[in-house]
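Spelled out, the chains give:
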Amino acid sequence: MPHHLRHDAPDFEERFRALLTAQRGPEADVSGAVGEIIAEIRAHGIDAVVDYTRRFDGWDATEETLAFTAQEIDA
């Protein structure tokens, strides 16, 4: 459900605080899934990163296409 907040509304602070602290249900607690992903990457390195990039982003990445050149970093 979208929330519409206006920064100039008199109750903005209260509504914003309520939004930040609202319980969003079990699907909002992703710490377990994130922990598994981090563990997988620690164990399998770039191969896991490539796999997750394909799975989550739908991008057929490779180790080479994920790397930045020195020129790209400088830019």
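Residues numbered from 1 in each chain as written. Predicted model: local features only at pLDDT ≥ 70, side-chain atom pairs only at ≥ 80, totals over all residues. Heavy atoms only, no water.

Q: Sorry, what's going on with the packing of aromatic side chains here?
A: Each aromatic ring pair is characterised by the separation of its centres together with the angle its planes make. Tallied over the full model, the rule gives two aromatic pairs. Here Phe12 and Phe16 contribute two aromatic rings whose centre-to-centre distance is 5.5 Å and whose plane-to-plane angle is 10°, an arrangement assigned as stacked. Of the two residues, Phe12 and Phe16 are both situated in helix 1 (residues 12–21); the distance of four residues between them amounts to about one turn of the helix. By relative accessible area, Phe16 is classed as partly exposed at 35%. Both rings, one in Tyr52 and one in Phe56, keep their centres 5.5 Å apart while their planes meet at 15°; by these two values the pair is stacked. Of the two residues, Tyr52 and Phe56 both sit in helix 3 (residues 46–57), four residues apart, roughly one turn of that helix. You can call Tyr52 buried: its relative accessible area is 13%. (Phe/Tyr/Trp six-rings, centres within 6.5 Å; stacked < 30°, edge-to-face > 60°. Helix = DSSP H or I, 4+ residues; strand = E, 2+ residues; numbered from the N terminus. Buried < 20%, exposed > 50% of the residue type's maximum accessible area, 1.4 Å probe, protein only.)

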